[in-house]
Amino acid sequence: MRPDLFQAPDYYHLDDLLTDEHKLIRDTARAWVKKEVSPIIEDFAQRAEFPKQIIPGLAEIGGFGPYIPTEYGGAGLDQISYGLIMQEIERGDSGVRSTSSVQSSLVMYPIWKYGTEEQRMKYLPKLATGEYIGCFGLTEPDHGSNPGGMITNFKDMGDHYLLNGAKMWISNAPFAHLAVVWAKNEEGRIHGLIVERGMEGFSTPETHNKWSLRASATGELIFDNVKVPKENLLPNKSGLGAPLGCLDSARYGIAWGAIGAAMDCYDTALRYSKERIQFDKPIGATQLQQKKLAEMITEITKAQLLTWRLGVLRNEGRATSAQISMAKRNNVAMALDIAREARQMLGGMGITGEYSIMRHMMNLESVVTYEGTHDIHLLITGMDVTGFSAFK
Ligand code: TGC
Ligand code: FAD
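Calculation criteria
- Residues numbered from 1 in each chain as written.
- Chains lettered and ligands numbered in written order.
- Predicted model: local features only at pLDDT ≥ 70, side-chain atom pairs only at ≥ 80, totals over all residues.
- Heavy atoms only, no water.
- UniProt positions renumbered as here; feature names shortened; annotations may be inferred.
- Buried < 20%, exposed > 50% of the residue type's maximum accessible area, 1.4 Å probe, protein only.
- Helix = DSSP H or I, 4+ residues; strand = E, 2+ residues; numbered from the N terminus.
- Pairing = 2+ DSSP bridges.
- Near = heavy atom within 4 Å.
- Polar contact = N/O pair within 3.5 Å; in protein donor to acceptor, adjacent residues only side chain to side chain.
- Areas by Shrake-Rupley, 256 points an atom, 1.4 Å probe, with all protein chains shown as cover.
- Contact = heavy atoms within 4.5 Å.
- Patch = residues over 30% accessible without salt bridge, like charges linked within 9 Å, V, L, I, M, F, W, Y side chains within 5 Å.
- Salt bridge = Lys/Arg side-chain N within 4 Å of Asp/Glu carboxyl O.
- Core = buried A, V, L, I, M, F, W, Y, C linked by side-chain atoms within 4.5 Å.
- Nonpolar A, V, L, I, M, F, W, Y, C, P; charged D, E, K, R; others polar.
- Domains from an automatic or database assignment.
- Buried area = accessible area lost by both parts, 1.4 Å probe.

- Named according to an unreviewed UniProt entry, the protein is glutaryl-CoA dehydrogenase (ETF) originating from Myroides albus.
- Regarding the protein, the UniProt comment filed under Sequence similarities (unreviewed entry) reads as follows: "Belongs to the acyl-CoA dehydrogenase family."
- You can read under Cofactor (unreviewed entry) in the UniProt record for the protein the words "FAD".

What follows is the structure in structure tokens.
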């Protein structure tokens, strides 16, 4: 892969809306991605392997629990800082951002929000440093968009719970130390349980042959009469709203992350358009290529404004789940469109690992599907504006 020459587009001077602390956090993450992720990520993606050596660095830039309070080992940052970190990490690779999202919003967040003080002290500091890696089990083979139909269940056996079922498509599963698993009790109520690697009957087979998110490990979670200690139940929230509350936080991070992937594709295509000569002039001097670049920077700028405003609303505690759905859906689709256009602008070179664009494009096919598909988020917006649920 070529040297990382990334220069971030900021067409509407959005930096003016950031504090010095925001910019410092963003620039630190950006420099780390350039030094530690860009030089190796293509090789790891080609080999379909997660680069475990970046875990301590990810922790240092605030990639694990950016907004979790410092007393639990988190970085104690605001929502704009969290978003900027996600943007920079996904500028490097969506799979690396996945590991960060899952750890922060799908594992640390539920333990912080729904767990006991003992659970917080036991797990959060080690998750914040990356000593523990976690995963989040909601999706099942027969229940993806409709997680409320899940069949994974647990029974109260007096001194422990007995967990049975299976989860599918779980990021980080193959090497995670623990899993936050969503399962129904005997009354059919959904609860979160912390399941640790090594518990008898718990296995995490890896999912192979992915064309997307190749630098992220994906797997199943299989529970075959797993005895889960009673103190591993997250007691402070139950029902489908508990896992969906975690998804709000992760989807918000993805809305920012997708901008990072889009910016990288745009920046690469812009540079290429100035260097690549055809018909005795740079391809960037042709109207068709300018149209592509002009539309890309327009869409990136709109997404930046949408996401910055959403971050302000989240800092004020006013962002709704439906607003988050709109941003996730819009920004991921925007990034995927830009990746596809940018890939074409590089001609044959666009399909090689010399440039990051094709990897981003393939990754974004997962990002547009996970954490709620493009269609599901549209239906959430439709439900919000009409008051009618198209799911029932
Ligand atoms: P519905 O009846 O609408 O709601 C059930 C209960 O949940 C509440 N609720 C929410 N609470 C918090 N945050 C949200 N975003 C919420 N959305 C709904 C709701 O108020 C209700 O509460 P209550 O107290 O009345 O019971 O539920 P439904 O069964 O009709 O389904 C709604 C739907 C389709 C929107 C939802 O199930 C959905 O979002 N489906 C998509 C599934 C999804 O996103 N799965 C993601 C799996 S995790 C993942 O992909 C990780 S990828 C990680 C990575 O690598 O980055
Ligand atoms: P389905 O729900 O079967 O949907 C198939 C199609 O039907 C989609 O186009 C969908 O939009 C459409 N559809 C569904 N319902 C409706 C409807 N009512 N109206 C109109 N159209 C509809 N899950 C986790 O729990 N944890 C993870 O860590 C995790 N990581 C993932 C990593 C990767 C790489 C991938 C690909 C997925 C991951 N997922 C994870 C699962 C992800 O959240 C699901 O794939 C996603 O929610 C969609 O579910 P599904 O794949 O079963 O598709």
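## Thoughts on the pairing of strand β5 (residues 190-196)
Argument step 1. Burial of β5 is extensive: six of the seven residues sit out of reach of the surface.
Argument step 2. Alignment of strand β4 (residues 178-184) against β5, held across seven bridges, turns out to be antiparallel. Looking at the pairing, V180 lines up with I194 of β5.
Argument step 3. Between the antiparallel neighbours β4 and β5 lie five residues, among them G188 with a positive phi of about 85 degrees.
Argument step 4. Pairing between β5 and strand β8 (residues 233-234): two bridges, direction antiparallel. When the sheet's bridge partners are listed, L193 is paired in β8 with L233.

## Re the site of ligand 1
Argument step 1. Taken together, the neighbourhood of ligand 1 is formed by 26 residues, with S98, S171, D248, R251 and K392 sitting nearest.
Argument step 2. S145 places a polar main-chain atom, nitrogen or oxygen, 2.9 Å from a nitrogen atom of ligand 1.
Argument step 3. A distance of 2.8 Å is found between a nitrogen atom of ligand 1 and a side-chain nitrogen or oxygen belonging to D248.
Argument step 4. Calculation on ligand 1 without its partners gives an accessible area of 1,100 Å², and the protein chains cover 71% of this total.
Argument step 5. Of all the secondary structure elements, the ones that give two or more residues to the shell around ligand 1 are α4 (94-114) and α6 (241-275).

## Section: the environment of I222
Argument step 1. Relative to the helices and strands, I222 resides in strand β7 (residues 218-229).
Argument step 2. Taking C-alpha positions, I222 is 5.2 Å from S203, a pair spaced 19 residues apart along the chain.
Argument step 3. If near-sequence neighbours (up to four positions away) are discounted, I222 is found in contact with G165, A166, G201, F202, S203 and P205.

## Some thoughts on the UniProt feature "domain: Acyl-CoA dehydrogenase/oxidase C-terminal" (unreviewed entry) in the protein
Argument step 1. In this structure's numbering, the residues bearing the UniProt feature "domain: Acyl-CoA dehydrogenase/oxidase C-terminal" (unreviewed entry) are residues 238-383.
Argument step 2. The distance separating the terminal C-alpha atoms of residues 238-383 is 23 Å; by composition the span is 75% helix and 3% strand.

## Comments concerning a nonpolar patch on the surface
Argument step 1. A grouping of Y11, Y12, L17 and L305 is seen on the molecular surface, where their side chains present a nonpolar patch of about 440 Å² in accessible area.
Argument step 2. Look at Y12 and you get exposed, because its relative accessible area is 56%.

## Looking at the nonpolar core
Argument step 1. Ranked by internal contacts, the top residues of the largest apolar core, which has 62 residues, are L58, I111, L124, L127, F136 and W182.
Argument step 2. Grouped together as the second largest cluster of nonpolar side chains are 34 residues, A258, A262, M263 and Y370 included.

## So, the site of ligand 2
Argument step 1. Around ligand 2 sit 18 residues in total, of which F136, T139, S145, W169 and T373 are the nearest.
Argument step 2. Contacts to ligand 2 include L138, whose backbone N or O atom sits 3.0 Å from an oxygen atom.
Argument step 3. Here T373 contributes a side-chain N or O atom positioned 2.7 Å from an oxygen atom of ligand 2.
Argument step 4. The protein chains hide 67% of the 980 Å² of surface that ligand 2 would expose on its own.
Argument step 5. Those elements that place two or more of their residues in the shell around ligand 2 are β3 (160-171) and α10 (374-386).
Argument step 6. Residues belonging to the shell around ligand 2 are distributed by class as follows: nine nonpolar, seven polar and two charged.
Argument step 7. Each of two domains, domain 2 (134-234) and domain 3 (241-386), supplies a minimum of three residues to the shell around ligand 2.

## With respect to the domain arrangement of the protein
Argument step 1. For the protein, the domain assignment lists domain 1 (14-129), domain 2 (134-234) and domain 3 (241-386).
Argument step 2. The C-alpha centroid of domain 3 is placed 20 Å from the C-alpha centroid of domain 1.
Argument step 3. Listed by partner, the interface residues are 29 residues for domain 1 and 34 residues for domain 3.
Argument step 4. Both faces combined, the contact of domain 1 with domain 3 buries some 2,500 Å², and carbon together with sulfur accounts for 60% of it.
Argument step 5. The tally of links between domain 1 and domain 3 comes to three salt bridges.
Argument step 6. Residue R359 pairs with D93 through a salt bridge whose shortest N-O separation is 2.8 Å.
Argument step 7. Seen at the junction of domain 1 and domain 3, the total is 16 residue pairs in polar contact (both at pLDDT 80 or more).
Argument step 8. Secondary-structure elements contributing two or more residues to the side of domain 1 that touches domain 3 are α1 (20-47), α3 (79-92) and α4.
Argument step 9. At 10 residues, α3 tops the list of elements feeding residues into the side of domain 1 that touches domain 3.
Argument step 10. By residue class, the composition of the side of domain 1 that touches domain 3 is 14 nonpolar, nine polar and six charged.

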